[in-house]
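Listed here are the chains, written in short residue letters.
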Amino acid sequence: HPTSLPGPDGIGDLGAAAFRYVDWLQQCGQSLWQILPLGPTSYGDSPYQTLSAFAGNPLLINLETLVEEGLLGAADLESRPDFPAERVDFGPVITWKFSRLDAAWERFQIPALGEQKETCDSWCAEQGAWLDDFALFMALKDDHQGQPWTEWETELVSRDPAALTAAAARLGEAVGRHKF
């Protein structure tokens, strides 16, 4: 799994190490890389317990790529914690990576990034059939401090259209961040 690859952020991701691994597989005559699911994980951080069949795990986003794309500055990575090399310590990794992804989201709001916003908006529109519900679900999960959806308000559990519309309006910023 990509999370098992080496990386400076406490967990493997889809950055340079993954590309080197794929190149090595090809040099060895391999044509397939069978991996566990790549979706966003829930409690226990197991790739077999994902929150979506379509969404990717944000922990697999390579922070160096965000620097290259102008969504983070090099200084944003200078306070990188000293992670253990032999294992993934998910608590600190999640705190670190999500703080950097939040910083990238903040920079993404800058008007100078118009072309990136157009690309993102286009992708979000193309993927709306699953993305809109997923992003709202994740925003609601955050709003409920990670509780299972079965413990949320009855209107949300039963997907009452008025309750979902109200939640989407109230959590618009968080929904946008999850789409990003």
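Residues numbered from 1 in each chain as written. Predicted model: local features only at pLDDT ≥ 70, side-chain atom pairs only at ≥ 80, totals over all residues. Heavy atoms only, no water.

*Asks:* Got a minute to help me understand the overall build of the chain in this structure?
*Replies:* Scanning the chain from N- to C-terminus turns up eight helices and zero strands. Secondary structure elements in the chain, listed N-terminal to C-terminal, are α-α-α-α-α-α-α-α. Its C-alpha atoms give the chain a radius of gyration of 18 Å, within 12% of the compact-globule value 16 Å for 180 residues. In terms of its C-alpha atoms, the chain occupies a principal-axis envelope of roughly 55 × 40 × 35 Å. A total of 180 residues make up the chain; the buried ones form 33% of that total. Across the chain, contacts joining residues at least 24 apart in sequence account for 57% of those joining residues at least 6 apart. Working note: accessible area of the chain is about 10900 Å², and carbon and sulfur atoms make up 55% of it. Across the chain, the 12 positively charged side chains and the 27 negatively charged ones have centroids separated by 2 Å. (Helix = DSSP H or I, 4+ residues; strand = E, 2+ residues; numbered from the N terminus. Rg over C-alpha atoms; globule rule 2.2 N^0.38 Å. Buried < 20%, exposed > 50% of the residue type's maximum accessible area, 1.4 Å probe, protein only. Contact = heavy atoms within 4.5 Å. Areas by Shrake-Rupley, 256 points an atom, 1.4 Å probe, with all protein chains shown as cover. Lys, Arg positive; Asp, Glu negative; His and termini not counted. Charge placed at Lys NZ, Arg CZ, Asp CG, Glu CD.)

*Asks:* Help me out: how do you make sense of the pattern of salt bridges in this one?
*Replies:* A side chain of one charge can pair with a side chain of the opposite charge if their charged atoms are brought near each other. By the definition in use, this model includes 10 salt bridges. Between arginine 100 and aspartate 76 there is a salt bridge; the shortest N-O distance is 4.0 Å. Taken as a pair, arginine 100 in helix 3 (residues 90-108) and aspartate 76 in the loop between helix 2 (63-68) and helix 3 lie far apart in primary sequence, 24 residues in all. Just as arginine 100 is buried, aspartate 76 falls in that class too. With a shortest N-O distance of 3.1 Å, aspartate 143 and arginine 170 are connected by a salt bridge. Placement of the pair is aspartate 143 in helix 5 (residues 128-143) and arginine 170 in helix 7 (residues 161-170), with a sequence separation of 27 residues. Here aspartate 143 falls in the partly exposed class, since its relative accessible area comes to 29%. Take arginine 170: its relative accessible area is 53%, and that puts it in the exposed class. Where salt bridges share partners, they join Asp9, Glu64 and Arg80 into one cluster. (Salt bridge = Lys/Arg side-chain N within 4 Å of Asp/Glu carboxyl O.)

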